[in-house]
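# Structural features, examined
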Amino acid sequence: MPPAAPEFRRIPPLELLGVKRFGPYNQSPWAAWQALRGYLKGSAPGVGPWTRVGIPLDWPELTPEPRRRYEACVVSDAAPDGEFFRKQLPGGNYAVFLHQGPYQGLPSAHEWIFWKWLPDAGIRLRDAKALHFYMDTDDLGTDPESLRTEICVP
């Protein structure tokens, strides 16, 4: 089922701590989140809950699976170490779509947004990446059908 009509919202600049993984989008996000959770557990025990931001960096139609990049990030000013990085997400205006259901449905939601909704919306994209804000504090303990993800289109 496609997401409902978007809410238009301005997202402020955010300081992010993250990690990048390469590969198909049905694998790399899981690997990135597992690595980031392990890092946060070891470097900042007891701190949280985290505002989680996922950033798929490549178009699946244009980028071969082994080269697709995904960044798992949290809003944090914690110091990075090793493969972990800090970056600032610039603020800006976004069309925000709510996806409810398993994360495996996100690629279909993106297809609908970019290939069905966007051509008829009469708006232009900014030169920025789409974002996922994962709204559930405990996504590992939440029924997959109840998961909520905001897909933010610049």
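Let me sum up the structure you'll find in this document.

Scoring rules and cut-offs
- Along each chain, residue indices are assigned from 1 in the same order as the chain's sequence is written.
- With the structure being a predicted model, the display of local features is reserved for residues of pLDDT at least 70 and the display and counting of side-chain atom pairs for 80 or more, all residues being used for whole-chain, interface and lining totals.
- For side-chain calculations, the full set of non-hydrogen atoms in the structure is used, while hydrogens and water are omitted.
- Salt bridges, as used here, are contacts in which a Lys or Arg side-chain nitrogen is within 4 Å of a carboxyl oxygen on Asp or Glu.
- Runs of H or I in DSSP of at least four residues are treated as helices and runs of E of at least two as strands, each being numbered from the N terminus.
- Exposed residues in this analysis have more than 50% of their type's maximum accessible area, buried residues have under 20%, and partly exposed residues fall in between, with area computed by a 1.4 Å probe over protein chains only.

## Some points on the pattern of salt bridges
Going through the model one piece at a time under the given rule, you end up with 9 salt bridges. One salt bridge connects E15 with R86, and the closest N-O pair in it is separated by 2.9 Å. Placement of the pair is E15 in strand β2 (residues 14-22) and R86 in strand β5 (residues 85-89), with a sequence separation of 71 residues. Here R86 falls in the partly exposed class, since its relative accessible area comes to 35%. A salt bridge links K20 to E71, with the shortest nitrogen-to-oxygen separation between them at 4.0 Å. On the criterion of sequence distance, the pair formed by K20 in strand β2 and E71 in strand β4 (residues 69-75) is long-range, its members being 51 residues apart. A residue is classified by how much of its surface remains accessible, and K20, at 30% relative accessible area, is partly exposed. Relative accessible area serves as the criterion here: at 5%, E71 is assigned to the buried category. Through salt bridges with shared partners, a single ionic network connects E7, R9 and E150.

Spatial relationships are all this shows, so hold off on functional conclusions.
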